[in-house]
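Next come the chains, spelled out residue by residue.
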Amino acid sequence: MVEVVKLEFKGKIYEFPIISGTEGDMAIDIRGLRKKTGLITYDPGLANTGVCKSKITYLDGEKGILRYRGYPIEELAEKSTFVETAYLLINGELPTEEELKNFSIKLNDHSLVHEDMREFFENFPRRAHPMGILSSMVTALREFYPELKEGGKEEINTTFARLLSKVRTMAAMAYKISRGHKVVYPRHDLSYCANFLNMMFDSPVKPYIIDDDVVRALNVFWILHADHEQNCSTAAVRLVGSAKVNIYAAISAGISALWGPLHGGANQAVIEMLREIYESGGDPKPFIEKAKDKNNPFRLMGFGHRIYKTYDPREKIMKKLCHKILDKFKIDDPLLDVAKKLEELAVKDPYFQEKRLYPNVDFYSGIFLRAIGIPENMFTVMFAIGRLPGWLAQWKESMEDPHNRLYRPRQLYIGPSERKYISIEKRGKLTTTESA
Ligand code: SDX
């Protein structure tokens, strides 16, 4: 027996079915709403609106649960690698040894970037933000590599491997070229994460020593960022992808959405905020008060979340990662002390308690990235590399979804009613009633 919701409107009763998810989450299926009633829904930010059914990631914002394909984030962070997690998100199952080996080989086979693309990097201003460079270069990839045609399994896997591998290479290239340093090429003998670190930090005068703990920590960092159901940038990938544009353009849209300080750009904004607190004497209280002031647009960066109304499960793991790396290299980062003080005060503050605002994944991630030598303007690029497998998995799922349609939201028009054109001679001279 299908449960329904009844809507009474202008003396008529309309019924809409309730549909349920695996974990008991429920939705009103309103696909026939406008046809039946002439009504649309109004939901700025889509906070109450499901745009798809998905098998990829499950979040419970009340309990702080995050699972990729049913596997808890805590288990994956402890036992998996980023490449294995990317395979899981994209294919739905953990890979066998053979599948993982073949996937890693494919990633290595597609790790180089076409030499003609180097000029693009070299012609950006040195101070160009790497997120702008990355989104441009990913769109440009379409001109160097074939578009998906039939979309068969092999073709999709190759295109996905190409993006996963080249985006990582391009990120390191953007960094090296922006500093006027020699580009370091990927190596077949290094793992995905070790390759990235080597491309970023190896130099002709000082070879980069690959540290297993740093490689492991980077795997965990990227596992934590790999997917997060219908977040802003994933929704952008699905929306742009719904127009059946090439996948490179859809992913580039995701990179652009992630850049925003309310979304992935928060990890860079957190560090800038912590530094401001430190340089103003280290007392977070004035910043907390500023964040609570309705008339002040300042928000506590790294705090709050549309879904999590308790601790973001990723934040706890990120915090441990910070301590592990800072302790290993005996780094005493004053911004960590500021962050801990800020967290302590904010979570006890009634404003944050009432609004259920807790630290999110971005709050400590910058401290970790600083500790392994990533420059601040690359923080959101690090988020993008991590989120790429999620975007690819979600794009694939939307392309395979029989219910997927072109995203074309409705609106409630509140502008002027019909009115007559006014010649330029008469403009500004008529009284308002005449011009209406
Ligand atoms: C990510 O969606 C995802 O899953 C994203 C992400 C992922 O993995 O993809 O988890 C990654 O983007 C994490 C979020 C990173 N952004 C920040 O840290 C920026 C700071 N946070 C806020 O801007 C805010 O919390 C958002 C944008 C994250 C969420 O905003 P919502 O859901 O639209 O909530 P809201 O703006 O409606 O806030 C509800 C209330 C408001 O007060 P009232 O109007 O009810 O009086 O809480 C207040 C807000 O003013 N509020 C904050 C606050 N966040 C919300 N007040 C002060 N500081 C904050 N950080």
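Thresholds, definitions, all that
- Residues numbered from 1 in each chain as written.
- Predicted model: local features only at pLDDT ≥ 70, side-chain atom pairs only at ≥ 80, totals over all residues.
- Heavy atoms only, no water.
- Helix = DSSP H or I, 4+ residues; strand = E, 2+ residues; numbered from the N terminus.
- Rg over C-alpha atoms; globule rule 2.2 N^0.38 Å.
- Buried < 20%, exposed > 50% of the residue type's maximum accessible area, 1.4 Å probe, protein only.
- Contact = heavy atoms within 4.5 Å.
- Areas by Shrake-Rupley, 256 points an atom, 1.4 Å probe, with all protein chains shown as cover.
- Lys, Arg positive; Asp, Glu negative; His and termini not counted.
- Charge placed at Lys NZ, Arg CZ, Asp CG, Glu CD.
- Axes fitted to C-alpha atoms, helices over the stretch in contact; angles between N-to-C directions.
- Parallel < 35°, antiparallel > 145°, perpendicular 65-115°, else oblique.
- Left-handed = near helix turned anticlockwise from the far one by under 90°.
- Nonpolar A, V, L, I, M, F, W, Y, C, P; charged D, E, K, R; others polar.
- Expected span 1.5 Å × (residues − 1).
- Near = heavy atom within 4 Å.
- Polar contact = N/O pair within 3.5 Å; in protein donor to acceptor, adjacent residues only side chain to side chain.
- Domains from an automatic or database assignment.
- Pairing = 2+ DSSP bridges.

Caption draft 1: Local environment of the overall build of the protein. Regarding its fold elements, the protein presents 19 helices and six strands. By the compact-globule yardstick of 22 Å for 436 residues, the protein fits well, its C-alpha radius of gyration being 24 Å. Viewed in the frame of its principal axes, the protein has a C-alpha envelope of about 75 × 65 × 60 Å. In the protein, which comprises 436 residues, the proportion classed as buried is 47%. The long-range fraction of contacts in the protein, counting pairs at least 24 apart against all pairs at least 6 apart in sequence, stands at 71%. When the accessible area of the protein is evaluated, it comes to approximately 23,200 Å², of which 54% is carbon and sulfur surface. Averaged over its 63 positive side-chain charges, the protein has a centre that lies 5 Å from the centre of its 58 negative ones.

Caption draft 2: Fine view of the packing of helix H7 (residues 153-178) against helix H8 (residues 192-201). It is the contact of H7 with H8, at a shortest axis distance of 8 Å, that shows an interaxial angle of 20 degrees. With respect to H8, the element H7 is oriented roughly parallel. The two elements H7 and H8 cross, and the hand of that crossing is right-handed. Contacts between H7 and H8 pair Leu164, Ser165, Arg168, Thr169, Ala171, Ala172, Tyr175 and Lys176 from the former with Tyr192, Asn195, Phe196, Met199, Met200 and Phe201 from the latter. Among the residues making up the contact of H7 with H8, the classes are represented as nine nonpolar, three polar and two charged.

Caption draft 3: Structural detail: helix H4 (residues 97-109). Its 13 residues place the ends of H4 18 Å apart at the C-alpha level, agreeing with the 18 Å of an ideal helix rising 1.5 Å per residue. Buried-residue contacts for H4 involve helix H3 (82-91), H7 and H8.

Caption draft 4: Summary view of the site of the ligand. As a structural note, the neighbourhood of the ligand is formed by 24 residues, with His228, His305, Arg306, Arg314 and Arg387 the closest of them. One of the side-chain nitrogen or oxygen atoms of lysine 355 is found 2.9 Å away from an oxygen atom of the ligand. A distance of 2.8 Å separates an oxygen atom of the ligand from a polar side-chain atom of arginine 387. Compared with its free state, where it exposes 1,000 Å², the ligand has 79% of that area covered by protein. Class assignment of the residues belonging to the shell around the ligand gives a composition of 10 nonpolar, seven polar and seven charged. Taken domain by domain, the shell around the ligand gets at least three of its residues from each of domain 2 (70-264 + 387-400) and domain 3 (275-371).

Caption draft 5: Representation of the pairing of strand E5 (residues 65-68) within the structure. Residues Leu66 and Tyr68 point to one face of E5 and are all buried, whereas Ile65 and Arg67, pointing to the other face, are not buried. Pairing analysis gives four bridges linking strand E4 (residues 57-60) to E5, with the strands arranged antiparallel. Residue tyrosine 58 lies in a different strand from E5, and its bridge partner there is arginine 67. Once E4 ends, the chain turns through four residues before running back antiparallel as E5, passing glycine 64 with a positive phi of about 70 degrees. Sheet topology places E5 next to strand E6 (residues 71-72); two bridges connect them, and they run antiparallel. Paired with arginine 67 across the bridge in E6 is proline 72. Between E5 and the antiparallel strand that follows it, E6, lie two residues; arginine 69 among them carries a positive phi value of about 50 degrees.

Caption draft 6: Representation of the packing of helix H9 (residues 212-224) against helix H17 (residues 362-371) in the model. Closest axis-to-axis distance for the H9/H17 pair is 12 Å, and the angle between their directions is 155 degrees. As the angle between them shows, H9 and H17 are arranged roughly antiparallel. The chirality of how H9 crosses H17 is left-handed. In this structure, H9 uses Ala217, Leu218 and Phe221 to contact H17, whose residues at the interface are Ser365, Phe368 and Leu369.

Caption draft 7: Just the sheet that holds E5, in detail. With respect to topology, three strands assemble into an open sheet ordered E4-E5-E6, the strand pairing being antiparallel. Each having just a single partner strand, E4 and E6 make up the two edges of the open sheet.

Caption draft 8: Geometry of the environment of valine 113. One can find valine 113 in the loop between H4 and helix H5 (118-122). Residues valine 113 and proline 186 lie 73 residues apart in sequence; the distance between their C-alpha atoms is 9.7 Å. For valine 113, the residues in contact, after removing those within four places along its chain, are Tyr145, Lys166, Thr169, Met170 and Met173.

Caption draft 9: Layout of the sheet that holds strand E3 (residues 26-28). The antiparallel open sheet is built from three strands, whose spatial order is E1-E2-E3. Edge positions in the open sheet fall to strand E1 (4-9) and E3, since each of these has one partner strand only. Strand-to-strand twist of the sheet, defined as the mean angle between neighbouring strand axes without regard to direction, takes the value 25 degrees. Pairing of E1 with strand E2 (residues 12-20) involves six bridges; the strand directions are antiparallel. Its bridge partner lying in E2, glutamate 8 is registered against isoleucine 13.

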